Amino acid sequence: MKKRANKYQKKHHGIRNVIFLIFSILLITLIVYGISAVLNRGEASGSNSKVPQTSSRSNSNRKTSSSGQSETTGPTQKWLQSKTDNELPILMFHYASSQAADLAGGSNWMPDSTLEADLLALKNAGYTTVTSEQAIKIMTSHTKPSNKMVWLTFDDGSLTLYRDVFPLLKKYNMHATGAIITGFVDNHQSGILTWEQIKEMKASGLVDFISHTVSHLDLGTLSTADATYQLQQSKKELDSELGQDTNIICYPAGGYNQETIQIAKNLGYSYGIIDPGRNGAVAKEATASDGLMTLPRFRMASTTGPSLMMSYVSPATTFNEQNTMK
Ligand SMILES: [Zn+2]
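Keep in mind that what you see is a predicted model, and the values were worked out from it rather than measured. (Residues numbered from 1 in each chain as written. Predicted model: local features only at pLDDT ≥ 70, side-chain atom pairs only at ≥ 80, totals over all residues. Heavy atoms only, no water.)

A short note on the coordination of the zinc ion
All of the protein donors around the zinc ion are Asp156 (OD), His212 (NE2) and His216 (NE2); their distances to the metal are 2.1 to 2.2 Å. Donor residues for the zinc ion sit on one chain with the sequence pattern D-x55-H-x3-H. (Donors = N, O, S within 2.8 Å, 3.2 Å for Na, K, Ca; no water.)

Quick word on the side chain of threonine 160
Examined against the element boundaries, threonine 160 turns out to sit in helix H5 (residues 159-172). Leave out the neighbours within four places in its chain, and threonine 160 touches Tyr95, Ala96, Ser97, Asp102, Trp109 and Val165. (Helix = DSSP H or I, 4+ residues; strand = E, 2+ residues; numbered from the N terminus. Contact = heavy atoms within 4.5 Å.)

Regarding the confidence of the model for the chain
With 74% of its residues at a pLDDT of at least 70, the chain reaches an overall mean of 83. Across residues 37-63 the pLDDT falls below 50, and counting only partners more than four positions away or on other chains, this stretch makes four contacts in the model. Long-range and interchain partners of residues 67-76, a stretch whose pLDDT sits below 50, account for 16 contacts in this model, where long-range means more than four residues apart. (pLDDT = per-residue confidence, 0-100.)

Notes on the packing of aromatic side chains
In total, this model carries five aromatic pairs according to the counting rule given. Their ring planes at 10° and their centres at 4.8 Å tell us that phenylalanine 298 and tyrosine 312 sit as a pair that is stacked. Linking phenylalanine 298 in strand E14 (residues 298-299) with tyrosine 312 in helix H10 (residues 306-313), this pair joins segments that are 14 residues apart in sequence. A relative accessible area of 0% places phenylalanine 298 in the buried class. If you follow lysine 137 out to its NZ or CZ, it ends over the ring of tryptophan 79, 5.8 Å from the centre. (Phe/Tyr/Trp six-rings, centres within 6.5 Å; stacked < 30°, edge-to-face > 60°. Buried < 20%, exposed > 50% of the residue type's maximum accessible area, 1.4 Å probe, protein only. Lys NZ or Arg CZ within 6 Å of the ring centre and 35° of its normal.)

Quick look at the nonpolar core
Counting residues in each nonpolar core, the largest one holds 41 residues, and the members touching the most others are Leu91, Leu115, Leu122 and Leu152. Filtering out sequence-adjacent residues up to four positions away, leucine 122 remains in contact with Tyr127, Val150, Leu152, Met174, Met309, Met310 and Val313. Judged by nonpolar contacts, the second largest core, of 18 residues, contains Ala135, Ala179, Tyr271 and Leu295. (Core = buried A, V, L, I, M, F, W, Y, C linked by side-chain atoms within 4.5 Å.)

Describing the layout of surface pockets
By volume, the second largest pocket amounts to about 220 Å³. Residue lining of the second largest pocket: 14 residues in total, with Glu87, Lys144, Asn147, Met149 and Pro315 positioned closest to the centre. Residue composition of the lining of the second largest pocket, by class: five nonpolar, four polar and five charged. (1 Å grid on protein atoms, 1.4 Å probe; cavity = no way out; pocket = protein on both sides within 12 Å on 5 of 7 lines; lining within 4 Å. Points joined across faces, edges and corners; volume = space filled by probe spheres on them. Nonpolar A, V, L, I, M, F, W, Y, C, P; charged D, E, K, R; others polar.)

A word on the side chain of glutamine 230
Take glutamine 230: it is sitting in helix H8 (residues 224-242). In contact with glutamine 230, other than residues within four places in its own chain, are Thr213, Val214, Ser215, His216, Leu217, Leu219 and Leu222.

Set out below in C-alpha coordinates:
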(Lines give C-alpha, C1' and ligand atoms only; values in the text may rest on other atoms or scores of the structure.)
Protein backbone atom coordinates (compact mmCIF):
# COMPACT_ATOMS: atom_id res chain seq x y z
CA MET A 1 0.00 0.00 0.00
CA LYS A 2 2.81 2.38 1.04
CA LYS A 3 4.59 1.68 -2.20
CA ARG A 4 1.47 2.29 -4.14
CA ALA A 5 0.74 5.43 -2.14
CA ASN A 6 4.28 6.63 -2.78
CA LYS A 7 3.87 5.88 -6.43
CA TYR A 8 0.56 7.69 -6.38
CA GLN A 9 2.18 10.68 -4.59
CA LYS A 10 5.05 10.70 -7.08
CA LYS A 11 2.60 10.47 -9.95
CA HIS A 12 0.50 13.18 -8.33
CA HIS A 13 3.60 15.39 -7.88
CA GLY A 14 4.47 14.79 -11.50
CA ILE A 15 1.05 15.93 -12.64
CA ARG A 16 1.24 18.97 -10.35
CA ASN A 17 4.64 19.87 -11.76
CA VAL A 18 3.33 19.54 -15.30
CA ILE A 19 0.28 21.69 -14.49
CA PHE A 20 2.55 24.24 -12.78
CA LEU A 21 4.85 24.26 -15.80
CA ILE A 22 1.96 24.71 -18.22
CA PHE A 23 0.49 27.42 -16.00
CA SER A 24 3.88 29.18 -15.82
CA ILE A 25 4.30 29.02 -19.58
CA LEU A 26 0.79 30.37 -20.03
CA LEU A 27 1.45 33.16 -17.53
CA ILE A 28 4.75 34.13 -19.18
CA THR A 29 3.10 34.02 -22.59
CA LEU A 30 0.29 36.23 -21.33
CA ILE A 31 2.74 38.70 -19.80
CA VAL A 32 4.87 38.83 -22.95
CA TYR A 33 1.77 39.13 -25.11
CA GLY A 34 0.40 41.82 -22.82
CA ILE A 35 3.61 43.85 -22.95
CA SER A 36 3.88 43.53 -26.72
CA ALA A 37 0.20 44.46 -27.11
CA VAL A 38 0.75 47.58 -25.04
CA LEU A 39 3.84 48.42 -27.08
CA ASN A 40 1.98 47.77 -30.32
CA ARG A 41 -0.88 49.95 -29.27
CA GLY A 42 1.60 52.69 -28.48
CA GLU A 43 3.17 52.32 -31.92
CA ALA A 44 -0.21 52.05 -33.58
CA SER A 45 -1.49 55.20 -31.94
CA GLY A 46 1.78 56.87 -32.81
CA SER A 47 1.47 55.86 -36.43
CA ASN A 48 -2.25 56.65 -36.44
CA SER A 49 -1.51 60.16 -35.38
CA LYS A 50 0.95 60.35 -38.24
CA VAL A 51 -1.44 58.97 -40.85
CA PRO A 52 -3.27 62.19 -41.66
CA GLN A 53 -0.01 64.12 -41.72
CA THR A 54 1.71 61.58 -43.93
CA SER A 55 -1.22 61.26 -46.27
CA SER A 56 -1.79 64.98 -46.42
CA ARG A 57 1.92 65.42 -47.06
CA SER A 58 1.89 62.90 -49.86
CA ASN A 59 -1.35 64.43 -51.08
CA SER A 60 0.21 67.82 -51.22
CA ASN A 61 3.11 66.31 -53.12
CA ARG A 62 0.77 64.61 -55.51
CA LYS A 63 -1.63 67.47 -55.72
CA THR A 64 -1.00 70.19 -58.18
CA SER A 65 -2.56 73.58 -58.38
CA SER A 66 -5.34 74.27 -60.84
CA SER A 67 -2.78 74.63 -63.60
CA GLY A 68 -1.74 71.01 -63.39
CA GLN A 69 1.90 71.88 -62.95
CA SER A 70 3.80 71.37 -59.76
CA GLU A 71 5.09 74.41 -57.93
CA THR A 72 8.67 73.53 -58.62
CA THR A 73 8.50 72.87 -62.33
CA GLY A 74 7.71 76.42 -63.41
CA PRO A 75 10.58 78.06 -65.28
CA THR A 76 10.65 80.85 -62.71
CA GLN A 77 14.40 81.25 -62.91
CA LYS A 78 14.13 82.21 -66.57
CA TRP A 79 11.41 84.74 -65.89
CA LEU A 80 12.00 88.46 -66.29
CA GLN A 81 12.20 90.73 -63.29
CA SER A 82 9.73 93.60 -63.13
CA LYS A 83 10.20 96.75 -61.07
CA THR A 84 6.51 97.28 -60.37
CA ASP A 85 3.41 95.11 -60.06
CA ASN A 86 2.77 93.18 -63.26
CA GLU A 87 -0.20 93.84 -65.49
CA LEU A 88 -1.82 90.79 -67.03
CA PRO A 89 -4.59 90.94 -69.63
CA ILE A 90 -7.17 88.22 -68.89
CA LEU A 91 -9.53 87.42 -71.76
CA MET A 92 -12.99 86.05 -71.01
CA PHE A 93 -14.24 83.68 -73.70
CA HIS A 94 -17.27 81.43 -73.52
CA TYR A 95 -17.92 79.23 -76.55
CA ALA A 96 -16.25 78.88 -79.93
CA SER A 97 -17.89 76.73 -82.57
CA SER A 98 -17.80 75.83 -86.23
CA GLN A 99 -21.50 75.03 -86.23
CA ALA A 100 -23.91 77.63 -87.57
CA ALA A 101 -26.71 76.48 -85.25
CA ASP A 102 -24.48 77.22 -82.25
CA LEU A 103 -23.56 80.67 -83.49
CA ALA A 104 -27.17 81.77 -83.34
CA GLY A 105 -26.79 81.42 -79.57
CA GLY A 106 -25.77 85.02 -79.04
CA SER A 107 -22.78 87.23 -78.34
CA ASN A 108 -20.97 84.60 -76.25
CA TRP A 109 -20.73 82.30 -79.29
CA MET A 110 -17.60 83.04 -81.28
CA PRO A 111 -17.04 81.42 -84.68
CA ASP A 112 -14.07 79.07 -84.40
CA SER A 113 -12.52 80.94 -87.34
CA THR A 114 -12.52 84.13 -85.25
CA LEU A 115 -10.97 82.28 -82.33
CA GLU A 116 -8.32 80.84 -84.60
CA ALA A 117 -7.56 84.30 -86.01
CA ASP A 118 -7.26 85.63 -82.42
CA LEU A 119 -4.93 82.82 -81.36
CA LEU A 120 -2.83 83.23 -84.46
CA ALA A 121 -2.54 86.98 -83.89
CA LEU A 122 -1.33 86.39 -80.33
CA LYS A 123 1.10 83.74 -81.54
CA ASN A 124 2.49 85.91 -84.32
CA ALA A 125 2.88 88.86 -81.95
CA GLY A 126 4.92 86.66 -79.60
CA TYR A 127 2.46 86.42 -76.72
CA THR A 128 2.82 83.78 -74.01
CA THR A 129 -0.51 82.19 -72.99
CA VAL A 130 -0.10 81.54 -69.28
CA THR A 131 -1.49 78.80 -67.05
CA SER A 132 -3.64 79.75 -64.07
CA GLU A 133 -0.71 78.99 -61.80
CA GLN A 134 1.58 81.23 -63.82
CA ALA A 135 -1.11 83.92 -63.80
CA ILE A 136 -1.10 83.81 -60.01
CA LYS A 137 2.68 84.00 -59.90
CA ILE A 138 2.54 87.00 -62.23
CA MET A 139 -0.03 88.68 -59.95
CA THR A 140 1.83 87.97 -56.74
CA SER A 141 5.46 88.49 -57.68
CA HIS A 142 7.63 90.92 -59.56
CA THR A 143 8.53 88.32 -62.14
CA LYS A 144 6.93 87.48 -65.47
CA PRO A 145 7.51 84.94 -68.22
CA SER A 146 7.49 87.56 -70.96
CA ASN A 147 6.70 91.20 -71.64
CA LYS A 148 3.87 89.91 -73.81
CA MET A 149 1.58 87.62 -71.86
CA VAL A 150 -2.12 86.88 -71.75
CA TRP A 151 -4.40 84.54 -69.79
CA LEU A 152 -7.14 82.92 -71.88
CA THR A 153 -10.18 81.88 -69.83
CA PHE A 154 -13.23 79.97 -71.11
CA ASP A 155 -16.33 80.11 -68.90
CA ASP A 156 -19.06 77.51 -68.34
CA GLY A 157 -17.33 74.19 -69.20
CA SER A 158 -18.92 74.03 -72.61
CA LEU A 159 -18.44 70.96 -74.78
CA THR A 160 -17.06 73.38 -77.38
CA LEU A 161 -13.96 73.79 -75.22
CA TYR A 162 -13.12 70.17 -76.03
CA ARG A 163 -14.63 69.90 -79.49
CA ASP A 164 -13.64 73.22 -81.06
CA VAL A 165 -11.14 75.06 -78.83
CA PHE A 166 -8.84 72.23 -77.68
CA PRO A 167 -7.80 71.25 -81.25
CA LEU A 168 -6.74 74.87 -81.85
CA LEU A 169 -4.79 74.99 -78.59
CA LYS A 170 -2.99 71.82 -79.70
CA LYS A 171 -2.40 73.19 -83.18
CA TYR A 172 -0.73 76.36 -81.87
CA ASN A 173 0.55 74.92 -78.58
CA MET A 174 -1.26 77.52 -76.53
CA HIS A 175 -2.74 77.36 -73.05
CA ALA A 176 -6.23 78.12 -71.74
CA THR A 177 -8.16 77.81 -68.49
CA GLY A 178 -11.67 76.38 -68.26
CA ALA A 179 -14.14 77.51 -65.58
CA ILE A 180 -16.23 74.46 -64.69
CA ILE A 181 -19.81 74.33 -63.37
CA THR A 182 -19.50 71.02 -61.54
CA GLY A 183 -23.24 70.32 -61.17
CA PHE A 184 -23.72 70.63 -64.94
CA VAL A 185 -20.95 68.08 -65.50
CA ASP A 186 -22.39 65.70 -62.89
CA ASN A 187 -25.86 65.94 -64.47
CA HIS A 188 -24.42 65.12 -67.92
CA GLN A 189 -26.05 68.28 -69.12
CA SER A 190 -26.25 68.58 -72.87
CA GLY A 191 -23.53 70.76 -74.41
CA ILE A 192 -21.36 70.42 -71.29
CA LEU A 193 -17.99 68.70 -70.91
CA THR A 194 -17.69 65.27 -69.30
CA TRP A 195 -15.17 64.58 -66.55
CA GLU A 196 -13.30 62.34 -69.05
CA GLN A 197 -12.91 65.22 -71.50
CA ILE A 198 -11.87 67.55 -68.70
CA LYS A 199 -9.26 65.03 -67.50
CA GLU A 200 -7.94 64.46 -71.02
CA MET A 201 -7.48 68.19 -71.54
CA LYS A 202 -5.82 68.61 -68.17
CA ALA A 203 -3.45 65.71 -68.90
CA SER A 204 -2.39 67.43 -72.13
CA GLY A 205 -0.99 70.32 -70.09
CA LEU A 206 -2.74 72.77 -72.42
CA VAL A 207 -5.83 73.38 -70.30
CA ASP A 208 -6.31 73.76 -66.57
CA PHE A 209 -9.51 74.15 -64.62
CA ILE A 210 -10.96 76.45 -62.00
CA SER A 211 -14.33 76.65 -60.24
CA HIS A 212 -17.38 78.31 -61.73
CA THR A 213 -19.53 76.93 -58.85
CA VAL A 214 -22.01 74.03 -58.81
CA SER A 215 -25.03 75.53 -60.57
CA HIS A 216 -24.03 78.91 -62.01
CA LEU A 217 -26.14 81.03 -59.68
CA ASP A 218 -25.28 84.66 -58.96
CA LEU A 219 -23.31 84.32 -55.71
CA GLY A 220 -23.97 87.94 -54.83
CA THR A 221 -27.69 87.18 -54.41
CA LEU A 222 -27.48 83.90 -52.46
CA SER A 223 -27.85 83.23 -48.74
CA THR A 224 -24.68 82.48 -46.78
CA ALA A 225 -25.54 78.77 -46.71
CA ASP A 226 -26.25 78.58 -50.43
CA ALA A 227 -23.14 80.55 -51.42
CA THR A 228 -21.07 78.33 -49.13
CA TYR A 229 -22.47 75.20 -50.76
CA GLN A 230 -21.80 76.50 -54.29
CA LEU A 231 -18.20 77.38 -53.49
CA GLN A 232 -17.39 74.42 -51.24
CA GLN A 233 -18.95 71.61 -53.25
CA SER A 234 -17.48 72.72 -56.59
CA LYS A 235 -14.00 73.00 -55.09
CA LYS A 236 -14.36 69.60 -53.42
CA GLU A 237 -15.31 67.94 -56.71
CA LEU A 238 -12.63 69.60 -58.81
CA ASP A 239 -10.05 68.75 -56.15
CA SER A 240 -11.01 65.09 -56.06
CA GLU A 241 -11.67 64.59 -59.78
CA LEU A 242 -8.51 66.38 -60.91
CA GLY A 243 -6.18 65.83 -57.93
CA GLN A 244 -5.58 69.53 -57.50
CA ASP A 245 -6.06 72.27 -54.95
CA THR A 246 -8.59 74.52 -56.67
CA ASN A 247 -7.94 78.05 -55.44
CA ILE A 248 -9.47 80.25 -58.15
CA ILE A 249 -13.16 81.13 -58.39
CA CYS A 250 -14.75 82.50 -61.52
CA TYR A 251 -17.92 84.21 -60.23
CA PRO A 252 -20.94 83.22 -62.36
CA ALA A 253 -22.14 86.26 -64.29
CA GLY A 254 -19.50 88.18 -62.36
CA GLY A 255 -21.80 88.26 -59.33
CA TYR A 256 -20.32 88.56 -55.84
CA ASN A 257 -20.37 90.73 -52.74
CA GLN A 258 -18.00 91.19 -49.81
CA GLU A 259 -19.50 88.21 -47.98
CA THR A 260 -18.99 86.01 -51.06
CA ILE A 261 -15.31 86.90 -51.04
CA GLN A 262 -15.00 86.15 -47.32
CA ILE A 263 -16.74 82.78 -47.67
CA ALA A 264 -14.56 81.89 -50.66
CA LYS A 265 -11.38 82.80 -48.77
CA ASN A 266 -12.46 80.73 -45.76
CA LEU A 267 -12.98 77.74 -48.05
CA GLY A 268 -9.51 77.94 -49.57
CA TYR A 269 -9.92 80.19 -52.59
CA SER A 270 -7.23 82.83 -52.86
CA TYR A 271 -8.03 84.34 -56.25
CA GLY A 272 -11.13 85.38 -58.13
CA ILE A 273 -11.86 86.56 -61.65
CA ILE A 274 -14.76 88.84 -62.47
CA ASP A 275 -16.75 90.04 -65.47
CA PRO A 276 -16.45 93.50 -66.92
CA GLY A 277 -19.62 95.51 -66.46
CA ARG A 278 -20.65 93.86 -63.19
CA ASN A 279 -20.26 95.45 -59.75
CA GLY A 280 -18.70 98.48 -61.42
CA ALA A 281 -15.91 96.37 -62.87
CA VAL A 282 -14.12 97.90 -65.79
CA ALA A 283 -12.24 96.00 -68.45
CA LYS A 284 -8.54 96.40 -67.85
CA GLU A 285 -5.35 94.44 -67.38
CA ALA A 286 -5.36 92.71 -63.99
CA THR A 287 -2.87 93.82 -61.38
CA ALA A 288 -2.45 93.08 -57.67
CA SER A 289 -4.03 96.39 -56.64
CA ASP A 290 -7.32 95.25 -58.21
CA GLY A 291 -7.52 92.75 -55.34
CA LEU A 292 -6.57 89.12 -55.86
CA MET A 293 -10.18 88.01 -55.32
CA THR A 294 -11.48 90.44 -57.94
CA LEU A 295 -9.20 90.34 -60.96
CA PRO A 296 -10.78 92.04 -63.97
CA ARG A 297 -11.10 90.58 -67.45
CA PHE A 298 -11.81 91.65 -71.01
CA ARG A 299 -14.97 90.28 -72.60
CA MET A 300 -14.42 88.43 -75.86
CA ALA A 301 -17.72 88.70 -77.68
CA SER A 302 -18.64 86.76 -80.81
CA THR A 303 -17.24 89.55 -82.98
CA THR A 304 -14.04 90.27 -81.07
CA GLY A 305 -11.41 89.70 -83.71
CA PRO A 306 -7.66 90.23 -83.71
CA SER A 307 -7.53 94.02 -83.99
CA LEU A 308 -9.86 94.75 -81.06
CA MET A 309 -8.29 91.94 -79.04
CA MET A 310 -4.79 93.28 -79.63
CA SER A 311 -5.93 96.65 -78.29
CA TYR A 312 -6.94 94.85 -75.07
CA VAL A 313 -3.74 92.94 -74.57
CA SER A 314 -1.43 95.76 -75.54
CA PRO A 315 -0.19 97.62 -72.48
CA ALA A 316 -1.92 100.73 -71.13
CA THR A 317 -5.43 99.73 -72.10
CA THR A 318 -7.77 100.79 -69.36
CA PHE A 319 -11.47 101.22 -69.63
CA ASN A 320 -13.06 100.07 -72.84
CA GLU A 321 -16.68 100.84 -73.35
CA GLN A 322 -17.32 97.83 -75.52
CA ASN A 323 -16.42 95.57 -72.66
CA THR A 324 -19.24 96.81 -70.49
CA MET A 325 -21.77 95.27 -72.87
CA LYS A 326 -23.55 92.23 -71.50
ZN1 LIG B 1 -20.60 81.60 -66.69
